[in-house]
Amino acid sequence: MKTRVFFCGMLTVFIIELAVLILFARSKTGDRQDTVAVNEIVQTVRSSWDFLEDHVNPTAMDYVVIDLDGAVLYKTRSGLSENLNTAVRHKDTILDIEIEGSMVGKLILYNNDALIFRSEKQSVIFAVIAALFLHCGICAGYFFYIHHVVIWPFRKLKKFAERVADGNLDIPLEMDRKNLFGAFTESFDIMRSELKKARIAEARANAGKKELVVKLSHDIKTPVASIKAASEVGSALAENEKSRGNYEQIIQKADQINTLVTNLFSATLEELQELSVMPIDMKSAELRELLENADYLHRARHPDIPGCMLFADRLRLQQVFDNIFANSYKYADTNINVSVSAEDCFLVVSIEDCGGGVEGSELPLLKEKFKRGSNTKDIEGAGLGLYISDYCMKKMNGRLDIENGTSGLRVTVWIPMKD
C-alpha cells in the first residue's frame with residue numbers, strides 16, 4: 001500500500017513539473033499588450049494634447065509622449081525610452097499621435113516583455129525547486145520506510161543467523177506482525193525453537209549412549225578380573241608347562257581386554273567431562289613400580305630413576321604407562337628400551353620399541369581419537385590409548401611426545417616436578 005502511495009506521489013509531482021515546463025515553453029512574449037488599453041491611451045493623449053502636464057494615465061501601462069522635435073512632453077515614470085533610437089533598440093511600440101489629420105507627436109509604449117519573462121522564469125524556477133524538494137522528501141520518506149520494513153528486518157535476520165551458527169539457540173527472534181516480513185521472521189523463530197529441541201534431544205541421546213558405555217565398561221571389568229584371578233590360580237596349580245602356558249595366555253588376553261575397556265571408559269568419561277585427573281605430590285621412586293606393573297611381559301630393563309618429587313596423578317600415570325607398553329606389545333612385539341632423565345622442571349621417561357616406527361606423516365595423528373598408524377590394519381585396536389594418555393598428561397601440566405627413534409617408535413612422557 002505504501003509503495004503504491006509513493007509511486008502515485010512521484011507520478012503526480014512529475015506531471016506537475018511537466019505541465020509547468022510545457023506552459024513556460026508555450027508562452028509568447030510578442031503579443032502581450034492589451035489593444036483596448038493602447039487605444040484608450042492614444043485617445044486620452046489626443047484629447048489632452050494641449051495640457052499634457054495635467055494628463056492622467058488611464059491604464060497600468062508605461063509610456064512616453066514626445067513631440068516631433070523629440071522633446072518629452074509626458075512620461076509615466078523615469079527609466080523609459082525617451083527617443084526613437086532607444087525605443088527601437090528596446091523593441092518598444094511606437095505610435096503616431098494625429099490631431100485633425102496632422103501628426104503632432106509620437107507615443108512610445110514601454111515593452112515590458114523582459115520583466116514579464118523574468119517574473120515567469122522566476123516562478124518556474126521556484127516551482128521546479130519546490131518540486132525537487134518534494135521529490136527529495138518523498139524519496140527520503142520512502143527510503144526510511146524501506147529501511148524500516150526491509151533493511152532493518154534483514155539485518156536482524158543476519159544477526160539471528162550468526163547466533164544460530166554459533167550455537168546460541170536461546171535468544172528468540174523478535175517479531176513485528178505489522179512488518180512485511182512478520183510471518184517470515186516467525187518461521188525463522190519456529191525453526192530456531194525446533195532446532196533447539198532437536199539439539200537437546202540429540203544431546204540427551206548421546207549422553208545416554210555414553211553413560212551406557214560407561215556402565216558396560218565398568219560391568220565388563222568385573223568378570224574380566226574374575227577370569228584373570230581364576231587363571232592366575234590355575235597357572236599356579238598347573239601340573240605341566242603346557243597348561244601353565246595356556247593360563248598365561250588367558251591372563252595376557254584378560255590384561256588386553258582390561259586395557260581396552262579402561263581406555264573406552266576413560267574416553268567416554270572425558271566426553272562427559274567426568275574424567276578426573278588430580279595431581280598430588282609423589283616420589284619419583286614410585287615410577288619403578290608403575291613401569292614394572294605396565295611391563296607385565298617383562299620386555300624392558302628398567303633403569304635407575306633420579307630422586308626427586310613429582311606432581312602427578314598416580315592412577316592416571318599408571319594408565320599412561322599401561323597404554324604405551326600395551327601398544328608396544330601389540331604392534332611391535334619386541335624388546336623395549338626405557339630411559340629416565342631430568343630435564344628442566346620435568347622428569348622425562350622415554351619408552352622405545354624395536355619395531356621400526358611409523359610413517360612420519362602419521363606421527364601427529366597418533367594422539368587423536370580413533371587414529372592409528374597404517375601398519376596396524378590387521379591388528380585389533382580402537383585408537384584410544386595414546387589419545388587418553390595425551391589427555392591425562394596435559395591435565396597434569398606435562399606432555400606426551402611421539403616420534404620415530406633409532407630402532408622404533410619412541411614415546412616420551414614429560415612428568416612435571418614439584419616446584
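Residues numbered from 1 in each chain as written. Predicted model: local features only at pLDDT ≥ 70, side-chain atom pairs only at ≥ 80, totals over all residues. Heavy atoms only, no water.

**Q** I tried to follow the overall build of the chain on my own but got confused; where do I start?
**A** The helix and strand inventory of the chain stands at nine helices and eleven strands. Here the chain holds 419 residues, and 34% of them are scored as buried. Long-range contacts, defined as pairs at least 24 residues apart, comprise 61% of the intrachain contacts of the chain with a sequence gap of at least 6. If you sum the accessible surface of the chain, you get close to 25,600 Å²; carbon and sulfur atoms cover 57% of it. (Helix = DSSP H or I, 4+ residues; strand = E, 2+ residues; numbered from the N terminus. Buried < 20%, exposed > 50% of the residue type's maximum accessible area, 1.4 Å probe, protein only. Contact = heavy atoms within 4.5 Å. Areas by Shrake-Rupley, 256 points an atom, 1.4 Å probe, with all protein chains shown as cover.)

**Q** Even after reading the chapter, I still don't get the pairing of strand E10 (residues 399–404), so can you show me in this structure?
**A** Looking down a regular strand, the side chains alternate between one sheet face and the other. Pairing of E10 with strand E11 (residues 409–416), which is carried by six bridges, proceeds in the antiparallel orientation. Residue glutamate 403 lies in a different strand from E11, and its bridge partner there is arginine 410. (Pairing = 2+ DSSP bridges.)

**Q** Hey, could you run me through the packing of helix H7 (residues 286–294) against helix H8 (residues 314–332) in this one?
**A** Think of two packed helices as two axes; the pair is described by the angle between the axes and how far apart they sit. Viewed as axis vectors pointing N to C, H7 and H8 meet at an angle of 40°, and their least axial separation amounts to 8 Å. The pairing of H7 with H8 is recorded here as oblique in orientation. By crossing handedness, the relation of H7 to H8 is classed as right-handed. Each of Glu286, Leu287, Glu289, Leu290, Leu291, Asn293 and Ala294 in H7 lies in contact with H8, whose residues at this interface are Arg314, Leu317, Gln318, Phe321, Asp322, Phe325 and Tyr329. Tallied by class, residues from the contact of H7 with H8 come to eight nonpolar, two polar and four charged. (Axes fitted to C-alpha atoms, helices over the stretch in contact; angles between N-to-C directions. Parallel < 35°, antiparallel > 145°, perpendicular 65-115°, else oblique. Left-handed = near helix turned anticlockwise from the far one by under 90°. Nonpolar A, V, L, I, M, F, W, Y, C, P; charged D, E, K, R; others polar.)

**Q** Explanation requested: the environment of histidine 55 in the structure shown.
**A** Among the structural elements, histidine 55 can be located in the loop between helix H2 (35–47) and strand E1 (63–67). The sequence separation of histidine 55 and lysine 75 amounts to 20 residues, and the corresponding C-alpha distance is 9.7 Å. Reaching out from histidine 55, the side chain makes a polar contact with the side chain of tyrosine 63 at a distance of 2.7 Å. (Polar contact = N/O pair within 3.5 Å; in protein donor to acceptor, adjacent residues only side chain to side chain.)

**Q** Which parts of the structure should I look at to understand the packing of aromatic side chains?
**A** A ring pair, where both rings are aromatic, is described by two values, the distance of the centres and the angle of the planes. What the rule picks out here adds up to four aromatic pairs. Each ring, one from tyrosine 296 and one from tyrosine 329, has its centre 5.1 Å from the other, and the planes form 80°; the classification is edge-to-face. Placement of tyrosine 296 in the loop between H7 and strand E6 (300–301) and of tyrosine 329 in helix H8 is noted, with a sequence separation of 33 residues between them. Classification of tyrosine 296 by relative accessible area gives partly exposed; the value is 25%. An angle of 85° between the planes, with centres 5.9 Å apart, marks the rings of phenylalanine 346 and tryptophan 414 as edge-to-face. Here the residue phenylalanine 346 occupies a position in strand E9 (residues 346–353), and tryptophan 414 occupies one in strand E11, the gap between them amounting to 68 residues. The exposure classification of phenylalanine 346 matches that of tryptophan 414, with both residues buried. Linked through ring pairs, Tyr296, Phe325 and Tyr329 together constitute an aromatic cluster. The positively charged end of arginine 77 is found above the aromatic ring belonging to tyrosine 110, 5.1 Å away from the centroid. (Phe/Tyr/Trp six-rings, centres within 6.5 Å; stacked < 30°, edge-to-face > 60°. Lys NZ or Arg CZ within 6 Å of the ring centre and 35° of its normal.)

**Q** Would you mind going over the packing of H8 against helix H9 (residues 385–395) with me for this structure?
**A** Remark: H8 packs on H9, axes separated minimally by 9 Å, with the N-to-C direction vectors making an angle of 150°. Classified by the angle their axes make, H8 and H9 are roughly antiparallel. Pair H8 / H9 crosses with left-handed handedness. Residues Arg316, Leu317, Gln319, Val320, Asn323 and Asn327 of H8 lie in contact with H9, whose contacting residues are Gly385, Leu386, Ile388, Ser389, Cys392 and Met393. Here the contact of H8 with H9 is built from residues that sort into six nonpolar, five polar and one charged.

**Q** Could you clarify how one ought to interpret the sheet that holds E9 in this entry?
**A** In any sheet, the strands associate via hydrogen bonds between backbone groups, in a parallel or an antiparallel arrangement. As summarised here, the arrangement of the five strands in space is E6-E8-E9-E11-E10, forming an open sheet in which the pairing is mixed. Each end of this open sheet is capped by a strand with a single partner; those strands are E6 and E10. Pairing of E9 with E11, which is carried by seven bridges, proceeds in the antiparallel orientation. Bridge pairing links leucine 347 to isoleucine 415 in E11. Across the sheet, H7 is in contact with strand E8 (336–343), E9 and E11; its angle to E9 comes to roughly 20°.

**Q** It is not clear to me how the sheet that holds strand E2 (residues 72–75) should be interpreted in this structure. Could you clarify?
**A** Spatial ordering of the open sheet is given by E2-E1-E4-E3, a layout of four strands whose pairing is antiparallel. The outermost strands of the open sheet, each flanked by one partner alone, are E2 and strand E3 (93–99). When strand polarity is set aside, the average angle formed by the axes of neighbouring strands in this sheet is 25°. Judged from the three bridges that link them, E1 and E2 form a sheet pairing that is antiparallel. Of the residues in E2, the one forming a bridge with valine 65 is tyrosine 74. Strands in contact with H2 are E1, E3 and strand E4 (102–109); relative to E3, the strand with the most contacts, it is inclined by about 40°.

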